[in-house]
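# What the coordinates show
So you can see what is in the structure, the chains are spelled out below.
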Amino acid sequence: MIALDIFRENIKKCWQFALDVAWDQNARHPELSRGKCLEERSYLHTLLGTNQAEVFLKARKMADEVTEKEQMNVLLPEVMQFVEEHKYPVTLDNPEFEPGRPFRYNLLQNNWCYIHIRNAKMPDSFLADAGYVAENLRYVMDKAEKEHNCDTIYTATWLNDAYPFLRFFPDEWQKNLADTMDFGPTLGWQGQFVNAQGLLNERAAVRFLRTGVLPCARRESHCSFAALREHLKQMGL
């Protein structure tokens with residue numbers, strides 16, 4: 001469990017990161033307003049868990065009205081209250097996932113299953129346990145195969161640009177990797193700014209602000225169940 005004082009301090013860091021990104025992206029891309037950058041390129045959506053909260057809409061509007069970034073901090077108490085009410089205490093309980101499972105799926109098209117991912121081993125990284133990852137990949141494939149006759153696995157995520165995730169997938173997956181949109185506000189892009197403990201990944205955040213480019217691109221890929229199962233077998237998992 002994350003202590004409340006640490007949780008609150010993390011909200012402040014995430015809020016500042018969101019503002020820094022909005023101002024930085026606007027400076028690099030002046031055709032995009034600060035409000036647009038805050039809405040579509042920053043961590044704010046992920047911090048709040050929604051883009052429909054009143055404080056999100058206020059921040060989006062205010063970003064285009066203020067002259068100084070520090071003026072935005074008038075909204076910080078409201079941000080902190082919203083996040084604390086909706087996200088604390090931090091638990092692994094998630095009604096969209098089966099207990100202990102890092103993957104869930106929905107039917108995409110043509111017998112494809114789209115896997116969604118979470119860190120179900122917090123405060124450790126689920127990717128550090130190779131046997132656990134392999135067992136859960138097999139589980140989600142077996143489930144999708146039984147329920148919808150799926151035969152192909154697909155996802156779009158920043159993890160497709162990270163070796164600790166990619167190592168579990170076969171050559172077919174590597175060959176099918178393709179870039180998606182450069183930026184987005186949800187976990188498919190912004191998940192790289194959450195560390196295994198569920199706090200801000202400050203190293204990744206600093207790198208993004210230094211370069212203006214996401215450290216890991218959101219990429220999509222797919223492969224057959226058969227190829228993935230064989231690859232896991234060849235890994236000895």
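In what follows, the structure referred to is the one given above.
Basis of the calculations
- Once a new chain begins, its residue numbering starts again from 1 and follows that chain's sequence as written.
- At least 70 in pLDDT is required for a residue's local features to be given in this predicted model, at least 80 for side-chain atom pairs to be given and counted, and no such filter applies to totals for whole chains, interfaces and linings, which use all residues.
- Hydrogen atoms and water are omitted, and side-chain values are computed over all heavy atoms in the structure.
- Aromatic rings from Phe, Tyr and Trp, with only the six-membered ring used for Trp, were paired whenever their centres fell within 6.5 Å, and each pair was classed as stacked if the ring planes differed by under 30 degrees, edge-to-face if by over 60, and tilted otherwise.
- Strands here are runs of E lasting at least two residues and helices are runs of H or I lasting at least four, both read from the DSSP assignment and numbered beginning at the N terminus.
- Exposure categories follow from relative accessible area, calculated using a 1.4 Å probe and restricted to protein chains: below 20% of the type maximum is buried, above 50% is exposed, and the middle band is partly exposed.
- Only when the NZ of Lys or the CZ of Arg is both within 6 Å of the ring centre and within 35 degrees of the ring normal is a charge said to sit over the ring.

### Re the packing of aromatic side chains
- For the coordinates displayed, the defined rule picks out eleven aromatic pairs.
- With centroids separated by 4.9 Å and ring planes inclined at 65 degrees, the aromatic side chains of Phe17 and Phe193 adopt a geometry described as edge-to-face. Remark: Phe193 occurs in the loop between helix H9 (187-190) and helix H10 (202-211) and Phe17 occurs in helix H1 (residues 4-28); sequence separation between them is 176 residues.
- Geometrically, the ring pair formed by Phe103 and Phe126 is edge-to-face, given 5.9 Å between the ring centres and 85 degrees between the ring planes. Taken as a pair, Phe103 in strand E1 (residues 103-107) and Phe126 in the loop between strand E2 (112-117) and helix H6 (130-148) lie far apart in primary sequence, 23 residues in all.
- In this structure Phe126 comes out as buried when scored by relative accessible area, which is 4%.
- Within the aromatic cluster, the residues linked to one another by ring pairs are Phe17, Tyr43, Phe183, Phe193 and Phe208.
- Cation over ring: Arg101 sits above Tyr139, and NZ or CZ is 3.6 Å from the ring centre.
- Seen from the ring of Tyr132, Lys121 lies directly overhead, with NZ or CZ sitting 4.5 Å from the centre.

Don't take any of this as a statement about function, it's just geometry.
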